[in-house]
Amino acid sequence: MTAHTAADLAHIWLPYTQMKTAPYPIKAIETSGSRITLEDRRTLIDGVAAWWTACHGYNHPHILEALIHQAKTMPHVMFGGMVHDPAQKLASRLAQLLPDNLNRVFFTDSGSVAMEVAVKIAIQYHLNIGHQGRTKILSFRGGYHGDTLGMMSICDPEEGMHHLFADILPPQILADLPIDEKSTQQLEQILEQHHQSIAALVTEPLVQGAGGMLFHSANILKTLRSLCDKYNILFIMDEIFTGFGRTGTMFACEQANITPDIIALSKALTGGTMPLAATVARESIFNAFLSNTAEKALMHGPTFMANPLACAVANASLDLFEQLPRLEQVQNIERQLQKELEPCRSFSGVKDVRVLGAIGVVELDKIKDPDTLRRLFIDKGVWIRPFRNIIYLTPAFTITPSDLSLLTSAIVDVCRNNI
Ligand SMILES: *Cc1c(COP(=O)(O)O)cnc(C)c1O
């Protein structure tokens, strides 16, 4: 490793990091496919795909070409009172891809903000149609929807990240996912009692990602859909992690055969190249914002909204989904993950092994020393970031079987010897 001094990091504040005690971060200088090159020229196989975003691998030529072309033509222009082809094309393609009448696309530049917009739309929708008092959001234990103040109020409060702010966050309604009879009854009770104050229910479909890669069945989403219909509550799906093939279908909601009222997309939207997010609402919701008075309009507008570079690369990413067998690749990854992570199940300290689409998870009783474990993976030439009590893989869909085997064997090795 190249020698570093404290001064090198003197002006950087890293995410989720106790900077006094954390080990020095590694420095990346180049990426390609599923590999990250470090400054000492070693390469790591990326098991995380840049926080679940780089679904086509790094530096995909088709995406780079779109980026360079757009950079030469029009890197950015404001979106107020002005539109452009990359955004119009992307919005109509998303509307085509999404089920039913999820037709109206509002662009932002991060997942958290896409979810903020989803919540604002839901609350204002009720006001616009004359439902007073529906200002709360119902969310689920284990959920994660972003780090902004509004989103912190609907994340799982016990996950440690947000408890310091508890006093200033708006009180919301928290429930358990209806995974069995008891929790379903409890949810019904909550809704029966509080539905007149609830604007929307929010969940990550099939997989609660940052909450620990917790899976639930598609039937649960059906239950939620029918409860929302019964109580006139909007259903917001946070597909920021699951969207674009990660769970085996283009969107996770397809597996339940239901349509949410509002959906939030980000992470893999641009194939991991540019920050971009989208909040997509049903046409009927959009229509409730139309009137002859200004008050009913949606008052939101990020400066870099619908950035043309980001929209151009998102279009290029969708081209790749159209032209290449991405969902088959996800299926192949799923099979390989199932087979190759299975041995972990028999090791002591391993609580569960689970796979869905291109997500492979080994859940442990406890990870005693995550920093040492992370170091060990780097020494094995793989980029795997255990958190909480899980070790997981969310590789690029383009990863080769042999690279994927190197990732899984690193995990099997570590679980066998070091837990
Ligand atoms: C990552 C993530 C977010 C937040 O997105 P940011 O771009 O980090 O703001 C919200 N919801 C889910 C499900 C996510 O995985």
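Residues numbered from 1 in each chain as written. Predicted model: local features only at pLDDT ≥ 70, side-chain atom pairs only at ≥ 80, totals over all residues. Heavy atoms only, no water.

J.: In this structure, what is going on with the packing of helix H3 (residues 85-97) against helix H9 (residues 308-323)? I would like to understand it.
T.: Helices that pack against each other are described as a pair by the angle of their axes relative to one another and the distance between those axes. Two elements in contact, H3 and H9, have axes separated by 8 Å at closest approach and are oriented at 40 degrees. Considering their axes alone, H3 and H9 lie oblique with respect to each other. Remark: the crossing between H3 and H9 carries left-handed chirality. Contacts between H3 and H9 pair Pro 86, Ala 87, Lys 89, Leu 90, Arg 93, Leu 94 and Leu 97 from the former with Pro 308, Cys 311, Ala 312, Ala 314, Asn 315, Leu 318, Asp 319 and Glu 322 from the latter. Its residues assigned to classes, the contact of H3 with H9 shows ten nonpolar, one polar and four charged. (Axes fitted to C-alpha atoms, helices over the stretch in contact; angles between N-to-C directions. Helix = DSSP H or I, 4+ residues; strand = E, 2+ residues; numbered from the N terminus. Parallel < 35°, antiparallel > 145°, perpendicular 65-115°, else oblique. Left-handed = near helix turned anticlockwise from the far one by under 90°. Contact = heavy atoms within 4.5 Å. Nonpolar A, V, L, I, M, F, W, Y, C, P; charged D, E, K, R; others polar.)

J.: Looking at this structure, how should I read the sheet that holds strand E14 (residues 359-364)?
T.: Hydrogen bonds between backbone groups are what pair the strands of a sheet, and the pairing can be parallel or antiparallel. Read across the open sheet, the three strands follow the order E13-E14-E16; overall the sheet is antiparallel. Each of the sheet's edge strands pairs with one partner strand only, and the pair in question is strand E13 (350-356) and strand E16 (390-393). In this sheet, neighbouring strand axes are inclined to one another by 10 degrees on average, regardless of whether the strands run parallel or antiparallel. Here six bridges tie E13 to E14, and the two strands are oriented antiparallel to one another. The partner of Leu 356 across the bridge, within E14, is Ile 359. Each of E13, E14 and E16 touches helix H10 (residues 326-341); the most contacted strand, E13, lies at about 165 degrees to it. (Pairing = 2+ DSSP bridges.)

J.: How should I be thinking about the UniProt feature "binding site: pyridoxal 5'-phosphate" (unreviewed entry) in the chain in this particular structure?
T.: UniProt feature "binding site: pyridoxal 5'-phosphate" (unreviewed entry): in the numbering of this structure it lies at Gly 111, Ser 112, Asp 238, Pro 302 and Thr 303. An extended arrangement is adopted by the annotated residues: their sequence extent is 193 residues, and the largest C-alpha distance between any two is 22.8 Å. Lining residues of the second largest pocket, restricted to the annotated ones just named, are Pro 302. If near-sequence neighbours (up to four positions away) are discounted, Gly 111 is found in contact with Ile 240, Ser 266 and Ala 277. Relative to the assigned elements, Asp 238 resides in strand E10 (residues 234-238). In contact with Asp 238, not counting residues within four places along its chain, are Met 115, Tyr 144, His 145, Thr 203, Glu 204, Pro 205 and Ala 264. (UniProt positions renumbered as here; feature names shortened; annotations may be inferred. 1 Å grid on protein atoms, 1.4 Å probe; cavity = no way out; pocket = protein on both sides within 12 Å on 5 of 7 lines; lining within 4 Å.)

J.: Any chance you could explain the side chain of Gln 70 here in plain terms?
T.: Relative to the assigned elements, Gln 70 resides in helix H2 (residues 61-73). In this view, Gln 70 contacts Pro 75, Pro 86, Pro 308, Leu 309 and Ala 312; residues no more than four positions away in its chain are not counted.

J.: Explain the side chain of Thr 108 here, please?
T.: Relative to the helices and strands, Thr 108 is located in strand E4 (residues 102-108). On the basis of relative accessibility, which here comes to 0%, the residue Thr 108 falls in the buried class. Sequence-distant contacts of Thr 108, that is, excluding residues within four places in its chain, are made with Val 113, Ala 114, Val 117, Leu 276, Ala 277 and Pro 302. (Buried < 20%, exposed > 50% of the residue type's maximum accessible area, 1.4 Å probe, protein only.)

J.: Looking at this structure, I do not really get the packing of aromatic side chains. What am I missing?
T.: Two descriptors summarise a pair of aromatic rings, namely the distance from one centre to the other and the angle between the planes of the rings. Within the structure shown, the criterion is met by six aromatic pairs. Each residue in the set Trp 52, Phe 241, Phe 387 and Tyr 392 is aromatic and connected to the rest through ring pairs, giving one cluster. Over the face of the ring belonging to Phe 286 we find Arg 104, whose NZ or CZ atom lies 3.8 Å from the ring centre. Here the guanidinium or amino end of Arg 354 rests over the ring plane of Phe 215, the centre of that ring lying 5.6 Å away. (Phe/Tyr/Trp six-rings, centres within 6.5 Å; stacked < 30°, edge-to-face > 60°. Lys NZ or Arg CZ within 6 Å of the ring centre and 35° of its normal.)

J.: Looking at this model, I keep getting lost on a nonpolar patch on the surface. Mind explaining?
T.: On the surface, Leu 149, Leu 164, Phe 165 and Ile 168 cluster together into a nonpolar patch covering about 440 Å² of accessible area. In this structure, Leu 164 sits in the loop between helix H5 (149-152) and strand E6 (173-175). For Leu 164, a relative accessible area of 71% translates into the label exposed. (Patch = residues over 30% accessible without salt bridge, like charges linked within 9 Å, V, L, I, M, F, W, Y side chains within 5 Å. Areas by Shrake-Rupley, 256 points an atom, 1.4 Å probe, with all protein chains shown as cover. Salt bridge = Lys/Arg side-chain N within 4 Å of Asp/Glu carboxyl O.)

J.: Would you take a moment to explain H2 for this structure?
T.: Helical geometry: 3.6 residues make up each α-helical turn, so side chains three or four residues apart lie on a common side. With 13 residues, H2 should cover 18 Å at 1.5 Å per step; its first-to-last C-alpha distance of 18 Å lies within 8% of that length. Within H2, burial applies to Ile 63, Ala 66, Leu 67 and Gln 70. Projected onto a plane normal to the axis of H2, the buried residues spread over an arc of 100 degrees and lie on a single side. Residues of H2 that are exposed and angled more than 90 degrees away from the buried face: Pro 61, Glu 65, His 69 and Lys 72. On its buried face, H2 sits against H3 and H9. (Expected span 1.5 Å × (residues − 1). Arc of directions from axis to C-beta.)

J.: For this particular structure, what's the right way to read the sheet that holds strand E15 (residues 382-383)?
T.: If you trace the four strands from one edge of the open sheet to the other, you get E1-E2-E3-E15, paired in mixed fashion. Every interior strand has two partners, whereas the edge strands, strand E1 (28-32) and E15, have only one. Pairing of E1 with strand E2 (residues 35-38) involves four bridges; the strand directions are antiparallel. By the bridge assignment for E2, Glu 30 is matched with Thr 37. With respect to the sheet, helix H12 (residues 401-417) is in contact with E2, strand E3 (43-46) and E15, its orientation differing from that of E3 by roughly 90 degrees.

J.: So what exactly am I meant to see when it comes to the domain arrangement of the chain here?
T.: Taken as a whole, the chain is organised into domain 1 (6-59 + 325-418) and domain 2 (74-323). Each of domain 1 and domain 2 has a C-alpha centre, and these two points are 27 Å apart. Taken together, the contact pairs 26 residues of domain 1 with 29 residues of domain 2. Buried area between domain 1 and domain 2, both sides added, is near 2300 Å², and the carbon and sulfur share of it is 66%. Sorting the residues of domain 1 by area buried against domain 2 places Trp 52, Leu 356 and Arg 388 first, and these three jointly supply 28% of that buried surface. Here domain 1 and domain 2 share zero salt bridges between them. The tally of links between domain 1 and domain 2 comes to ten residue pairs in polar contact (both at pLDDT 80 or more). For the side of domain 1 that touches domain 2, the elements supplying multiple residues, two or more each, are helix H1 (49-52), H10, E13, E14 and E16. Of the residues belonging to the side of domain 1 that touches domain 2, the class tally is 19 nonpolar, four polar and three charged. (Domains from an automatic or database assignment. Buried area = accessible area lost by both parts, 1.4 Å probe. Polar contact = N/O pair within 3.5 Å; in protein donor to acceptor, adjacent residues only side chain to side chain.)

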